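Commentary on secondary and tertiary structure
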Amino acid sequence: MEKKFNISLVVFLVLILTILSSQKTQIKFRDNVLFFKDFLFTKNVTTKNISMSDTVGFKETYPIIIDEIKNQSCFFSFQDDGFMQIYLEMNYCTTIPINQYVRTNRQQLLSIKELNNKKPNLILFDIDFPEKYYSEGIRVEGDVRASVYNNKILNFLIDNYAPYKNINGFFFWKYNNKKFTKEISINKNFEKIINNTPRNLCEKIDDLKNNCFIKVTNKKNGIVIDVIYGNYNHKTIKEIIDIENKLYYNKKNPLKEKFNNFEENFDNLEITLLSDNINYLIKSNY
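Residues numbered from 1 in each chain as written. Predicted model: local features only at pLDDT ≥ 70, side-chain atom pairs only at ≥ 80, totals over all residues. Heavy atoms only, no water.

**Points about the overall build of the chain**
Within the chain, the regular secondary structure consists of 12 helices and 10 strands. Burial statistics for the chain: of 286 residues in total, 49% are counted as buried. Roughly 14600 Å² of accessible area belongs to the chain as shown, and the carbon and sulfur atoms make up 54% of that amount. (Helix = DSSP H or I, 4+ residues; strand = E, 2+ residues; numbered from the N terminus. Buried < 20%, exposed > 50% of the residue type's maximum accessible area, 1.4 Å probe, protein only. Areas by Shrake-Rupley, 256 points an atom, 1.4 Å probe, with all protein chains shown as cover.)

**A few points about the pattern of salt bridges**
Within the structure shown, the criterion is met by five salt bridges. As a salt-bridge pair, Arg 145 and Asp 226 come within 3.8 Å of each other at their nearest N and O atoms. Taken as a pair, Arg 145 in strand E3 (residues 144-145) and Asp 226 in strand E8 (residues 224-229) lie far apart in primary sequence, 81 residues in all. Asp 226 sits in the buried class, given a relative accessible area of 0%. When salt bridges that share partners are traced, they join Asp 81, Arg 139 and Glu 141 into one network. (Salt bridge = Lys/Arg side-chain N within 4 Å of Asp/Glu carboxyl O.)

**What about the pairing of strand E7 (residues 213-218)?**
Summarising burial for E7: six of the six residues are buried, a large majority. Sheet topology note: the E7/E8 ladder contains five bridges and is antiparallel. Along E8, the bridge assignment pairs Phe 213 with Tyr 229. In textbook terms, the turn of a hairpin is the stretch between consecutive antiparallel strands, and for E7 and E8 this stretch comprises five residues, one of which, Gly 222, has a positive phi near 75°. (Pairing = 2+ DSSP bridges.)

**Topic: the packing of aromatic side chains**
By the definition in use, this model includes 15 aromatic pairs. Aromatic pair Phe 58 and Phe 83: ring centres 6.0 Å apart, planes at 80°, arrangement edge-to-face. Here Phe 83 lies in helix H5 (residues 83-88) and Phe 58 lies in helix H4 (residues 58-69), a separation of 25 residues in the sequence. Comparing Phe 58 with Phe 83, the two get one shared label, buried. Between Phe 78 and Phe 125 the ring centres are 5.6 Å apart and the planes differ by 20°, which places this aromatic pair in the stacked class. Of the two residues, Phe 78 is situated in the loop between H4 and H5 and Phe 125 in strand E1 (residues 122-127); the sequence distance between them amounts to 47 residues. (Phe/Tyr/Trp six-rings, centres within 6.5 Å; stacked < 30°, edge-to-face > 60°.)

**Section: the environment of Asn 211**
Here Asn 211 shows up in the loop between helix H10 (198-204) and E7. Taking C-alpha positions, Asn 211 is 8.4 Å from Tyr 229, a pair spaced 18 residues apart along the chain. The residues touching Asn 211, leaving out its near neighbours within four places in the chain, are Pro 163, Tyr 164, Leu 274, Ser 275 and Asp 276. Within the structure, the side chain of Asn 211 is placed 3.4 Å from the backbone oxygen of Pro 163, a separation counted as a polar contact. (Contact = heavy atoms within 4.5 Å. Polar contact = N/O pair within 3.5 Å; in protein donor to acceptor, adjacent residues only side chain to side chain.)

**Looking at H4**
Every buried residue of H4 is listed here: Phe 58, Thr 61, Tyr 62, Ile 65 and Ile 69. Angular distribution of buried residues about the axis of H4 spans 90°; they occupy a single face of the element. (Arc of directions from axis to C-beta.)

**A look at the environment of Lys 188**
In this structure, Lys 188 sits in the loop between strand E6 (180-186) and helix H9 (190-194). Each C-alpha atom, one on Lys 188 and one on Ser 284, is 5.9 Å from the other, the two residues being 96 residues apart in sequence. Residues within four places of Lys 188 in sequence aside, it is in contact with Ile 193, Asn 196, Lys 204, Ser 284, Asn 285 and Tyr 286.

**Quick notes on the sheet that holds strand E4 (residues 161-167)**
The strand order across the open sheet formed by three strands is E1-E5-E4, and the pairing between neighbours is antiparallel. Every other strand in the sheet has two partners, leaving E1 and E4 as the edge strands with one partner each. Neighbour-to-neighbour, the strand axes of the sheet open up by a mean angle of 35°, direction not taken into account. Bridging between E4 and strand E5 (residues 170-175) involves six bridges; their strand directions are antiparallel. Its bridge partner being in E5, Ile 167 is matched across the sheet by Phe 170. Together, E1, E4 and E5 form the strand contacts of helix H8 (residues 151-160), whose direction differs from that of E4 by roughly 90°. (Axes fitted to C-alpha atoms, helices over the stretch in contact; angles between N-to-C directions.)

**Looking at the sheet that holds strand E10 (residues 278-284)**
Read from one edge to the other, the open sheet built from five strands follows the order E6-E10-E9-E7-E8, with strand pairing classed as mixed. This sheet does not close on itself; its edge strands, each paired only once, are E6 and E8. Neighbour to neighbour, the strand axes of the sheet diverge by 25° on average, direction disregarded. Of the strand pairs in this sheet, strand E9 (residues 269-274) and E10 are connected by three bridges, and their pairing is antiparallel. Each bridged residue has a counterpart across the sheet, and for Leu 274 the counterpart in E10 is Asn 279.

Right, dumping it as structure tokens:
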């Protein structure tokens with residue numbers, strides 16, 4: 001009786017929190033419930049990935065990549081709720097399977113150790129579409145950037161993986177810990193650089209638009225603010241990394257500056273272009 005009461009209480013509280021949450025969160029919660037319902041009630045495991053609800057694009061994406069990961073012992077997703085592993089029918093690489101719940105230093109170090117041991121060749125770094133689930137660049141959960149609460153894992157991925165393929169807004173990165181960093185000078189100050197579009201900046205450096213990500217770091221605390229795809233041309237870098245542009249961020253939050261982690265003093269920013277073989281650290285000659 002007590003166990004049933006506890007389960008009922010949890011369900012009731014989840015429903016109340018969902019009702020009181022934003023419309024975007026309600027949509028995501030509803031679709032996730034439908035997704036897992038289909039998954040749980042499909043008896044034939046081999047047909048689960050065909051029959052499950054999919055409003056994101058997994059069904060179109062996983063067949064394109066499946067041959068390249070078939071020799072991996074596991075698959076890892078940095079910016080996804082772990083659905084890609086279900087479609088690929090692969091084990092998770094880490095003890096805590098859904099990375100957004102890895103918050104403490106101890107949990108992050110455990111995940112890094114597991115990734116170091118298993119060394120999956122391909123990972124899913126990020127998904128940017130559709131907009132009702134994902135925002136451009138690294139997302140926000142609970143008003144905190146994933147680049148902040150997952151900073152150790154993010155740094156590990158940047159050091160050991162490199163941009164590889166963009167399939168319908170699914171960004172796959174490939175294992176590569178042999179990259180080196182090259183400094184490159186631009187005759188603009190950082191304020192002008194940050195007000196470029198990603199594509200304009202990547203095209204200035206060896207025409208990197210097709211395999212380029214832009215990492216923006218707060219030099220004062222060493223935390224990565226954002227990592228964004230370098231082929232976007234509809235917004236500036238500053239507009240994309242602004243926390244108000246992120247899904248699930250509460251624009252009425254009074255602690256915006258604390259959570260934003262974005263320096264208005266542009267000289268406190270560090271910008272690095274991440275490509276498949278070389279990382280370009282941008283220096284301003286202005």
